[in-house]
Amino acid sequence: MKKAITPQKRDKSLVPLSREHHFGLLFCWKIRQGLKNGTDLILMRAYVRYFWDTILKEHCEEEEWVLKRLLKTDDTVRGRLEEEHRLLHSLVELIEDGSPMNKELFKVLEQDLTDHIRWEERELFPYLQAVAHSDELELVGQLLSHKHDPRMDTFTPEFWTKKAQAE
């Protein structure tokens, strides 16, 4: 029997980043739906670039900034986060430069981002909460809330809906 994963109590300082993970998982779902619906890959490529430029790039930069404040340079967790962010960016660039377009790249990006978000939520954030001093976490939260504007995904057309496919 598979063990159920219970939701983690998130420190309020990390909530803005944790909330954005919802957008990342929704992005992954939209990519899966687009592939399932046979969406034109050029349109999906435009969406990947849009999402990177408007949400994911800045989100990754904020996470790396947080880890630089909370963890030592040689912490392996910090290295893993930075490496996975570089990989995600490389996948976005491969999709953007892709000629001919390759569905497999979209699948790899979707799976890698899903796995990355799950790792952050289930392992990274609990680790940060355990090792970082509460005062430092609180300061990070204040700085994040000060510079963190809510980001929205307003890409059109909504290729992930069957209705949009018919239009």
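Shown above is the structure to which this text applies.
From a predicted model like this one, the values you see are computed outputs, not experimental measurements.

Reading the values: the criteria
- Residues numbered from 1 in each chain as written.
- Predicted model: local features only at pLDDT ≥ 70, side-chain atom pairs only at ≥ 80, totals over all residues.
- Heavy atoms only, no water.
- Salt bridge = Lys/Arg side-chain N within 4 Å of Asp/Glu carboxyl O.
- Helix = DSSP H or I, 4+ residues; strand = E, 2+ residues; numbered from the N terminus.
- Buried < 20%, exposed > 50% of the residue type's maximum accessible area, 1.4 Å probe, protein only.
- Core = buried A, V, L, I, M, F, W, Y, C linked by side-chain atoms within 4.5 Å.
- Contact = heavy atoms within 4.5 Å.

**Re the pattern of salt bridges**
So, step 1. In this structure the tally under the stated criterion is 10 salt bridges.
So, step 2. A salt bridge links Arg32 to Glu110; its shortest N-O distance comes to 2.5 Å. Of this pair, Arg32 sits in helix 1 (residues 15–36) while Glu110 sits in helix 4 (residues 103–131); the two residues are 78 residues apart in sequence, bridging distant segments of the chain.
So, step 3. Among the residues examined, Arg32 registers a relative accessible area of 37% and is labelled partly exposed.
So, step 4. Glu110 gets classed as buried once you look at its relative accessible area, which sits at 9%.
So, step 5. Among the charged side chains, a network of salt bridges with common partners joins Arg49, Asp53 and Glu96.

**Quick look at the nonpolar core**
So, step 1. Grouped together as the largest cluster of nonpolar side chains are 25 residues, with contacts concentrated most on Phe27, Ile31, Tyr47, Val48, Phe106 and Leu109.
So, step 2. Only helix 1, helix 2 (41–70), helix 3 (76–97) and helix 4 provide two or more residues apiece to this core.
So, step 3. Counting residues per element, this core draws most heavily on helix 2, at 10 residues.
So, step 4. When residues no more than four places from it in sequence are discounted, the contact partners of Ile31 are Met44, Tyr47, Val48, Phe106 and Glu110.
So, step 5. Ranked by size, the runner-up nonpolar core spans 16 residues in total, among them Leu17, Val66, Ala132 and Leu137.

**Some words on the environment of Gly98**
So, step 1. Summarising the element assignment, Gly98 is placed in the loop between helix 3 and helix 4.
So, step 2. For Gly98, a relative accessible area of 13% gives the class buried.
So, step 3. Taking the C-alpha atoms as reference points, Gly98 and Arg45, 53 residues apart in sequence, are found 8.8 Å from one another.

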